[in-house]
Amino acid sequence: MQFNELNLHDDVLTGVDAMNYLQVTPIQEKAIPIILAGKDLIASAQTGTGKTAAYLIPILDKISREPSNHTSALILVPTRELAKQIDEQIEGFSYFIQATSLAIYGGGKGEDWDQQRKALVKGADIIIATPGRLMAHMNSGEVKFDNLKCLILDEADKMMDMGFSEDILFVLKHLPQNRQNLMFSATMPKKIRDFADKILKNPEEIRLAVSKPAVGIDQQFYLASDEQKLPLLIHLMKSTVAESVIIFTSQKSMIEKVVRMLNRNKFEARGISSDNTQEDREESLRGFKNKQFKILVATDVLSRGIDISNLNLVINIDVPRDAEDYIHRIGRTARAETTGTAFTFINEKDQYRIANIEKLLERVVEKQNITESLGLGIAPEYKSGQAVKPYRKSVGKKKFFNKKSRDNKKPLATQS
């Protein structure tokens, strides 16, 4: 299907064409007519399928037909990177409409705070915000959304995981009851459905390829102990041709170690995590997108919603804690029907997570053991079938228990 078959405003179609959007994706084909009809919607689709454009295009269509001096749409997102990216997409799509947008994110009450407050009071057609930051501004009493027509929750599952549910409910109490509600999520666990019941009114539902990676991703699993991971990483980097690489780790403390090892081996790399300042994160991400350096080492702050073109390779230094997070990490590559590669390193502690990932993938991925041939020693033996978390030894007691136990109150050891 072509965009000109969707009954969109001519100015919107011109903007879509200028952004080089040619074919309508499945999520866009299903979502755009529903949103144009003014219905509530809950939608899920795998990462990289065009969810953002699926709601931005019809919102801009409505703004182009009914210009207003008030904020028409509020988009809540989990991270500042996603807020900034959506703001940039709106700028591209709305060039011929001249719709205004504003991204609200960050922490503290410095110069950015005052600029954001003044802009919020003045208003913009579309506000994109992280929940906590927006709630802080709304607490001042100066920010009003009395004429809001549409609320969008993007990456709703990630916002729930990050603990934003109470902040979102606070924002909702200050919005008009008569509004359109759209919820987009990469996964659809029960907590998302329960939350949707509190917000949406008789919603339409779209579910497309939930929690399945793009078919163009070559997934490779490598067995390696923690001590073998960095030498194995260098070997694979030297033997792989890749123009753009993201290396993920669940531990912020690992980022600097990985960056140092790569730089010592003449691979230019930078790291990014939630500990970096906003300016540093934006500078690193901008430099990576502009090909100033080819390797970015990051935590899961970059696993969702960040559109990076021509990303060839994703490497998981460790196995993500949740199977869904694995899908989002490797989903940074092979976007828009391209191809890519994903390496994942598996130590002896994380094998049960692999079993859960394979259950989600509905297939078994070969586990490669190459450390001994590289002179790095014997890799951990893979024991298949560990689909649940193994028992942990309790502190000071001669018995074992798992995380479901309610009798023993001592904490389990943190998984790496």
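As shown above, the structure is provided for reference.
Now for a look at the structure at hand. If you're wondering where the values come from, they're calculated on a predicted model, not measured in any experiment.

Definitions and cut-offs
- Residues numbered from 1 in each chain as written.
- Predicted model: local features only at pLDDT ≥ 70, side-chain atom pairs only at ≥ 80, totals over all residues.
- Heavy atoms only, no water.
- Helix = DSSP H or I, 4+ residues; strand = E, 2+ residues; numbered from the N terminus.
- Buried < 20%, exposed > 50% of the residue type's maximum accessible area, 1.4 Å probe, protein only.
- Arc of directions from axis to C-beta.
- Contact = heavy atoms within 4.5 Å.
- Pairing = 2+ DSSP bridges.
- Axes fitted to C-alpha atoms, helices over the stretch in contact; angles between N-to-C directions.
- Phe/Tyr/Trp six-rings, centres within 6.5 Å; stacked < 30°, edge-to-face > 60°.
- Polar contact = N/O pair within 3.5 Å; in protein donor to acceptor, adjacent residues only side chain to side chain.

The phi angle at asparagine 7 is positive, at roughly 60°, despite the residue not being glycine. Residues other than glycine seldom take positive phi values, yet glutamine 98 does so here, at roughly 65°. As for its position among the elements, glutamine 98 is in the loop between α4 (80-93) and β3 (101-104).

Asp167, Ile168, Val171 and Leu172 are the residues of helix α8 (residues 165-173) that are buried. Angularly, the buried residues of α8 cover 140° about the axis, an arc narrow enough to put them on a single face. Turned more than 90 degrees from where α8 packs its buried face, Glu166 and Lys173 sit exposed. Where the residues of α8 are buried, they touch β2 (73-76), α6 (131-138), β5 (150-153), α7 (156-161) and α9 (190-199).

All right, on to the sheet that holds strand β13 (residues 340-346) then. Taken in spatial order, the seven strands make up an open sheet running β10-β11-β9-β12-β13-β8-β14, and their pairing is parallel. Each edge of the open sheet is held by one strand with a lone partner, namely β10 (269-272) and β14 (367-368). Relative to strand β11 (residues 295-298), β10 runs parallel, the two being bridged by four bridges. Bridged to isoleucine 272 within β11 is alanine 298. Against the sheet, helix α11 (residues 252-264) touches β9 (245-248), β10 and β11, its axis set at about 175° to β10. Against the sheet, helix α14 (residues 351-361) touches β8 (217-223), β13 and β14, its axis set at about 160° to β8.

Turning our attention to the packing of aromatic side chains. On inspection of all chains with the given rule, the structure shows eight aromatic pairs. Where tyrosine 55 meets phenylalanine 184, the ring centres are 5.2 Å apart and the plane angle is 50°; that geometry is what we call tilted. Linking tyrosine 55 in helix α3 (residues 51-65) with phenylalanine 184 in strand β6 (residues 180-185), this pair joins segments that are 129 residues apart in sequence. Accessibility expressed as a relative area gives 0% for tyrosine 55, which makes it buried. For the ring pair phenylalanine 288 and phenylalanine 293, a centre distance of 5.9 Å and an interplane angle of 40° mean the geometry is tilted. When its relative accessible area of 0% is taken as the criterion, phenylalanine 288 is described as buried. Pairwise contacts between aromatic rings join Phe3, Tyr21 and Phe93 into one cluster.

Turning our attention to the side chain of threonine 333. As for its position among the elements, threonine 333 is in the loop between α13 (323-330) and β13. Separated by 2.6 Å, the side chain of threonine 333 and the backbone oxygen of leucine 311 make a polar contact. Among all residues touching threonine 333, those that are not within four sequence positions of it are Ile217, Leu311, Asn312, Leu313, Val314, Thr339, Gly340 and Thr341.

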